[in-house]
Amino acid sequence: MPVPPHARGYENFAGEIGRTTADSTPEWVYPPAAPAGAPNIIVVLVDDMGFSDIGPFGSEIETPTLDRLAATGLRLTNFHTTPLCSPSRAALLTGVNSHRAGFGFVANADPGYPGLRLELADDVLTLPEILRANGYATYAVGKWHLVRDATLHPGAHRDSWPTQRGFDRYYGSLEGLNSFYHPNQLISDSSAVEVEEFPENYYLTDDYTDRAIGYLKNLRAHDATKPFFLYFAHTAMHGPLQAKPADQAKYRGRYKEGWDRLRQSRFAEQLARGLFPPGTEQKPRNTEPGYEAQEWDSLTPEQQSRFERYMEVYAGMVDSIDQSLGRIVETLEQFGELDNTIIVFTSDNGGTAEGGPEGTRTYFAQFAQVDEPDWERDVPHDDELIGTARLGVHYPRGWGQASNTPFRFYKGQTFAGGVRVPFVLSWPKGLPRTTDDAGVRQEYTYVTDLAPTLLELAGLERPTVRNGLPAKDFDGVSAVDVLRDPGAVSRHTEQYSEMTGHRGFYRDGWKLLALLEPARGIDDPRWQLFDVRTDPTELHDLSERFPEKVAELAAAWDEAAWNNTVFPLLTRQDLALRRPEEARLTDRVRILPGTATLERYRSQRLIAYRDFTIAAELAGFEPGDAGVLVSHGDPLGGYVLYVEHDRLHFTYNAYGREHTVDAGPIPAGSRNLSVSATVRPHLRWDFSLGIDGVQAAVLTDQVQLVGMAPWTGITVGLDARGPVSWDLRERRGVFRYSGALRSVTYLPGSIGVPEETQRALDSEAELIAE
């Protein structure tokens, strides 16, 4: 009999329904399946790595896995990206220009404009969403940085988190950077991983790699044929620079000749490999004020010795990335799937100048960019600690320019040093090399081209709707013709760029560029013009010779800016604006023992630039009770209040320089132990320790932790993750409090610095943090 019209639940059922199964026909609905033989896809994205840092692009650093992939695959030598990380990641994963995707800056701001939404919009499709709709398993490991820092905590919405944007599984850091030995927070799928102490030989890159390989092995144990997409986004090479001892040791003594000679040798190797046309030049050094790299031979022996160590650590980190990729390639070989896996390796932007002219051993002190005469950007430490878990270091910008050989400038600028990065692609089955093809492609390609290129290579269609909304069209174009034919011409003929006032526009081999000059204002560019077909290193400004071309391309930039929500242009101070609702992050909070470590941004808002009191409530102190009452931070800066030998102690870690005060014995029965901070001029705090409301000790004139410090959030009842005090951790471990601790309450007070100073500091720190 037919289904009665009023019956519910049978709509769109294609089988037949009777009263029993005997007179019914079943129908099974299957999820979408990928085409037979569809390739696996792996995209490896490195952070802040310049054009010349891997073997296939002229480096002396040992990268045998990449050498192997490039030997049978392709190298794109004219691949461009955006100047900063979040924008590049958004453009890569969506095929949409970064501002139009909502990421005109890194996800450490919230100024309230369309191009600076800093979370992926509902009408923007991501590559994993498209691939999953085409039957792929989708995995992401590593750095995400497509979530505003105010929405990193467990109570926030997760609309822009990886598993809400197309990934079946995710493991990594939502932040823009992290410690490689003591990450402040790791996420598994959509929840924070509760870690009290990392294992002895923990290293973040290895952790990511273990998880990625685990995902693939688990898939193959359950489904032998389903293709997968793995997005492996390294936290390396972003500072703080930290490398495993064996990887550092491998490069000991190999950088004694300095960055000037390294640039010469790398450039010579690039020319020998045919990466640039004959006659290409490179400038000896950046000399523009604020961007200049010192002459290596002008440095003192002490500077040279320390700066060598920074580069040894950096080289060890690049080596580690290649080892990671080698392990993944080995896994593919064990599956018998290497030939039918598309592997892409690239970087999100060029090498950085963030270490300043001399680098730093105290990462967050350098990047706070504090304009105080006695502010230490480099707290001295034993050079043997460089690259270890105890320090957060960064190299001087001379090494950043070497990283970007042969180009000018750095990450953050729209010149080639900031946006032209290495690109290796391997797919033996689908893109085999012929004997007369050297595998080098010099045609212009852009980061938005990757998504449409991968979809065409895999033979897949892109949906037109996301969540019921018309999906934004790709801005990128497929580069498959260029990949298949060394004589093909790029279809990507023009492209705008903009980042914090730095501008660029490419059209048919011409490139118009402008550095932000604060004295001229953000909307008054001094344009430079280059013919990058004959001058790929952008050395010879033709603007005076071809003023009509300057006017043409400047007008084209303006039109593209309007069409991609680039306006309004914001100064760095404007980028520090936050939505008013964030004020609640500074409300008083009572934290119970056993609460997971508070997220970094939430924790930092409770103390930033202000007076504050931390009150620990006990059920009643008993002699012998001991342990940490509250900790906030890690080796890169923080503070810890603890009880040891029946005495109250407070250790303040000022960017690596520790100060400990003993507040004396705690009487039996005491119920309230506290520490209060009072803001003093020149970004200083005075601290006062109290026992049952009576002042017991003071610690005065301590530099404030500002910008992105403390990096690890607040923990009650132990010192979790990275130790605030290395000595205390070695003596006591995480030092869980043994007594009856009821709660710890944070009582934030008033802001103690002018608003414009606070905004300038926040903006600088967060810009440089990405």
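The structure we're discussing is the one just above.
Residues numbered from 1 in each chain as written. Predicted model: local features only at pLDDT ≥ 70, side-chain atom pairs only at ≥ 80, totals over all residues. Heavy atoms only, no water.

1. Describing the packing of aromatic side chains
Inspection of every chain in the model, using the stated rule, returns 42 aromatic pairs. With centroids separated by 5.1 Å and ring planes inclined at 85 degrees, the aromatic side chains of Y363 and F364 adopt a geometry described as edge-to-face. Each member of the pair Y363 and F364 is classed as buried. In this structure an aromatic cluster arises from ring pairing among Y255, W259, W296, F307, Y310 and W399. The positively charged end of R211 is found above the aromatic ring belonging to Y171, 3.8 Å away from the centroid. (Phe/Tyr/Trp six-rings, centres within 6.5 Å; stacked < 30°, edge-to-face > 60°. Buried < 20%, exposed > 50% of the residue type's maximum accessible area, 1.4 Å probe, protein only. Lys NZ or Arg CZ within 6 Å of the ring centre and 35° of its normal.)

2. Considerations on the side chain of S725
Topologically, S725 is positioned in the loop between strand 28 (714-716) and helix 15 (726-732). S725 sits in the buried class, given a relative accessible area of 5%. A polar side-chain atom of S725 sits 3.2 Å from the main-chain amide nitrogen of L728. (Helix = DSSP H or I, 4+ residues; strand = E, 2+ residues; numbered from the N terminus. Polar contact = N/O pair within 3.5 Å; in protein donor to acceptor, adjacent residues only side chain to side chain.)

3. Some thoughts on the sheet that holds strand 17 (residues 510-514)
Spatially, 15-16-17-18 is the arrangement adopted by the four strands of the open sheet, whose pairing is antiparallel. At either margin of the open sheet sits one strand with a lone partner, and together these are strand 15 (494-499) and strand 18 (528-531). Pairwise comparison of adjacent strand axes, ignoring direction, gives a mean angle of 15 degrees for this sheet. Two strands pair when backbone bridges link them, and strand 16 (residues 502-507) and strand 17 are joined in this way by five bridges, in the antiparallel orientation. Across the sheet, the residue bridging to R507 is W510, located in strand 17. This element, helix 13 (residues 547-563), spans strand 15, strand 16, strand 17 and strand 18 of the sheet and lies at about 110 degrees to strand 16. (Pairing = 2+ DSSP bridges. Axes fitted to C-alpha atoms, helices over the stretch in contact; angles between N-to-C directions. Contact = heavy atoms within 4.5 Å.)

4. Regarding the pairing of strand 23 (residues 647-654)
Every regular strand shows the same layout, with side chains that alternate between the two sheet faces. Of all the eight residues making up strand 23, seven are buried; the element is thus mostly covered by neighbouring parts of the structure. Across seven bridges, the pairing between strand 22 (residues 637-644) and strand 23 is antiparallel. Residue V643 lies in a different strand from strand 23, and its bridge partner there is L648. The antiparallel hairpin formed by strand 23 and strand 24 (residues 657-665) contains two residues in its connecting segment, where Y655 sits at a positive phi of about 55 degrees.

Take it as geometry only, folks, not as evidence of what the structure does.
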